[in-house]
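These are the residues of each chain, in order.
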Amino acid sequence: RMAAAPPSYCFVAFPPCSKDGLVVFGKNSARPRDEVQEVVYFAAATHDPGSKVECTYIEIEQVPKTHAIVLSRPSWLWGAEMGANEHGVCVANEAVVTREPASESEALLGMDLVRLGLERGATAKEALDVIVALLEEHGQGGNYYEDGSSCHTFQSAFLIVDRNEAWILETSGKYWAAEKITEGVKCICNQLSLTTKIDAEHPELRNYVRSQGWWNGDSDFNFSEVFSLAHDHLACCSGRESLEKQGGDVSAQAMIDVLRDKDSGVCVDSESFLTTASIVSVLPQDPSFPCVHYFTGTPDPSRSIFKPFIFVDDVKLVPKVQSPSFGNDDPAKKIPRFQEKPDRRHELYKAHEWARSLLENDQDKGQKLMRIMLDLEKQGLEAMEDILTRTEVLDPAEVVDLFYDCVDTELKFFK
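Residues numbered from 1 in each chain as written. Predicted model: local features only at pLDDT ≥ 70, side-chain atom pairs only at ≥ 80, totals over all residues. Heavy atoms only, no water.

Re the pairing of strand 2 (residues 22-32)
Argument step 1. In terms of burial, strand 2 is a largely internal element, eleven of the eleven residues being buried.
Argument step 2. Note that strand 1 (residues 9-13) and strand 2 share five bridges and pair antiparallel. Note that in strand 2 the partner of Tyr9 across the bridge is Asn28.
Argument step 3. Of the pairings in the sheet, the one linking strand 2 to strand 16 (residues 273-284) comprises eleven bridges and is antiparallel in character. (Buried < 20%, exposed > 50% of the residue type's maximum accessible area, 1.4 Å probe, protein only. Helix = DSSP H or I, 4+ residues; strand = E, 2+ residues; numbered from the N terminus. Pairing = 2+ DSSP bridges.)

Laid out in structure tokens, this is it:
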């Protein structure tokens, strides 16, 4: 039996479900419990012709120009679980299991494709085109976890969003199908969700599944039915109802509340998996307003706070949410891989471990600390709301230290 895919959840809400002409995106990243996620920023860059880029396992051709990106990523790998670029494109991925076993041979990880889509796509559709072209050229495969004892492989699904539209992209090997979304609320989780509404697909997709005997060509082509292992691809999304209940009012706060919900299963805290990081992005449909991306940088959103980031030139880097770098000595880069596990905890992660033990051992103190933290988060949300509703243009100097200052303040409370 193939190992279960980690139960991450991704959401997007469009008007009329979301408020004031905003597109709201969110993801809880469920990963092995002890894995550390870091939040990292890379400036836009130009690259020499013929240069290569070293992804998690393989090297591929670099492009002449890459966009500025901010990522939340497991700190041992090159790609990302989720992130955004300077053009207001957000991408998140899901590990999925299909009837085709995922390849163990090292290729691009779904998480590498998240980053590559963000670096190379200025719209959601461009990011989708980048991802499927790279899938065709290099394939997907390799270990999803930092685990030297066994290889965990999955196929990938993606939620790709910009200010105007979203694409749900689901893959199996190099084959894929995608659906375009422009209104309402959508959720994807760790199982296939595309059915008969397919707006773009691999040119050979239908011939391939026919040749495998998975579809006879007579019935409607249903992607999930054809590619799922069992017939139990339910509408997996427990968080979707909560968002739809908001009735035209989905905001950053509403998305955060859904991501914090343990009862619905959206906030995963199980024996094997934990929500190790979360993101919420607010993309105004009016391009004169900036997009705001909130990251936790720490596990369990019900005990973490969402801190805002806005793309501006010379944005201040935040080493306190970056894991130590081991360069070429990193066991993830040596063959055989993962022979040991270095300590990848960053400063904010360590502070949270302390806070977590406080919450567990001294409830009064813990709850008091949590109230202070949530108050800090609320101030951030209100300040961002002000930026998104005022008439004058944002002065970049006002937000160049934004994420840095929020992380700094959070750490001071822990001290």
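What follows picks up the thread again.
Let's talk about the sheet that holds strand 1
Strands in a sheet are paired, the pairing made by backbone hydrogen bonds, and the direction either parallel or antiparallel.
Argument step 1. Sheet architecture is open: six strands sit in the order 14-1-2-16-17-18, paired in antiparallel fashion. Each edge of the open sheet is held by one strand with a lone partner, namely strand 14 (185-188) and strand 18 (307-309). Sheet twist, expressed as the mean angle between neighbouring strand axes with direction ignored, is 15°.
Argument step 2. Across the sheet, helix 9 (residues 402-414) lies against strand 17 (292-295) and strand 18, angled at about 165° from strand 18, the strand it touches most. (Axes fitted to C-alpha atoms, helices over the stretch in contact; angles between N-to-C directions. Contact = heavy atoms within 4.5 Å.)

Topic: the side chain of Glu165
Argument step 1. Its place among the elements puts Glu165 in the loop between strand 11 (155-161) and strand 12 (166-172).
Argument step 2. Only 2.8 Å separates the side chain of Glu165 from the side chain of Trp167, close enough to count as a polar contact.
Argument step 3. Within the local environment of Glu165, its side chain forms a polar contact with the side chain of Lys180, the two groups lying 3.3 Å apart.
Argument step 4. Apart from the residues lying within four places of it in its own chain, the contact partners of Glu165 are Phe14, Ala124, Lys125, Ile160, Lys180, Ile181 and Thr182. (Polar contact = N/O pair within 3.5 Å; in protein donor to acceptor, adjacent residues only side chain to side chain.)

Points about the packing of aromatic side chains
Argument step 1. In total, this model carries 15 aromatic pairs according to the counting rule given.
Argument step 2. Aromatic pair Tyr41 and Phe311: ring centres 6.2 Å apart, planes at 50°, arrangement tilted. Note that Tyr41 is positioned in strand 3 (residues 37-42) and Phe311 in the loop between strand 18 and helix 7 (347-361), a separation of 270 residues in sequence. Each member of the pair, Tyr41 together with Phe311, is buried.
Argument step 3. Residues Phe295 and Phe403 carry aromatic rings whose centres are separated by 6.2 Å and whose planes lie at 70° to one another, so their mutual orientation is edge-to-face. Of this pair, Phe295 sits in strand 17 while Phe403 sits in helix 9; the two residues are 108 residues apart in sequence, bridging distant segments of the chain.
Argument step 4. For Phe295, a relative accessible area of 0% puts it in the buried group. (Phe/Tyr/Trp six-rings, centres within 6.5 Å; stacked < 30°, edge-to-face > 60°.)

Points about the packing of helix 7 against helix 9
Argument step 1. In contact at an axis separation of 10 Å, helix 7 and helix 9 are set at 35° when each is read in the N-to-C sense. For the pair helix 7 and helix 9, the sense of crossing is left-handed. Here Glu347, Leu348, Ala351, His352, Trp354 and Ala355 of helix 7 lie close against helix 9, whose contacting residues are Val407, Glu410, Leu411 and Phe414.
Argument step 2. Considering only residue class, the contact of helix 7 with helix 9 consists of seven nonpolar, one polar and two charged. (Left-handed = near helix turned anticlockwise from the far one by under 90°. Nonpolar A, V, L, I, M, F, W, Y, C, P; charged D, E, K, R; others polar.)

Examining helix 8 (residues 363-389)
Argument step 1. Its 27 residues place the ends of helix 8 38 Å apart at the C-alpha level, agreeing with the 39 Å of an ideal helix rising 1.5 Å per residue.
Argument step 2. Of all the positions in helix 8, only Gly366, Leu369, Met370, Met373, Leu376, Glu377, Gly380, Leu381, Met384, Ile387 and Leu388 are classed as buried. (Expected span 1.5 Å × (residues − 1).)

Quick look at the pairing of strand 13 (residues 175-181)
The side chains of a regular strand alternate, residue by residue, between the two faces of the sheet.
Argument step 1. The buried fraction of strand 13 is high, at six of seven residues.
Argument step 2. In this sheet, strand 13 lies alongside strand 12 in antiparallel orientation, the contact comprising seven bridges. Across the sheet, residue Leu169 finds its bridge partner in strand 13, namely Ala178.
Argument step 3. Taking the residues that link successive antiparallel strands as the turn, the strand 12-strand 13 hairpin has two residues, and the phi of Gly173 there is positive, at about 65°.
Argument step 4. For strand 13 and strand 15 (residues 200-201), the ladder comprises two bridges, and the chain directions are antiparallel. Within strand 15, the position partnered with Ala178 by the bridge is Ala200.

Points about the pattern of salt bridges
When the charged atoms of two side chains with opposite charge come close together, those side chains can pair.
Argument step 1. In this structure the tally under the stated criterion is 30 salt bridges.
Argument step 2. Lys197 serves as the salt-bridge partner of Glu179, at 3.9 Å between the closest nitrogen and oxygen. Placement of Glu179 in strand 13 and of Lys197 in the loop between strand 14 and strand 15 is noted, with a sequence separation of 18 residues between them.
Argument step 3. Put simply, Asp408 and Lys412 hold a salt bridge, and the shortest N to O gap is 3.0 Å. Highlighted residues: Asp408 and Lys412, both in helix 9, separated by four residues, approximately one helical turn.
Argument step 4. Beyond isolated ion pairs, a larger network of salt bridges with shared partners links Arg33, Lys262, Asp269, Asp300, Arg303 and Glu360. (Salt bridge = Lys/Arg side-chain N within 4 Å of Asp/Glu carboxyl O.)

No statement about biological role is implied by the geometric values presented.
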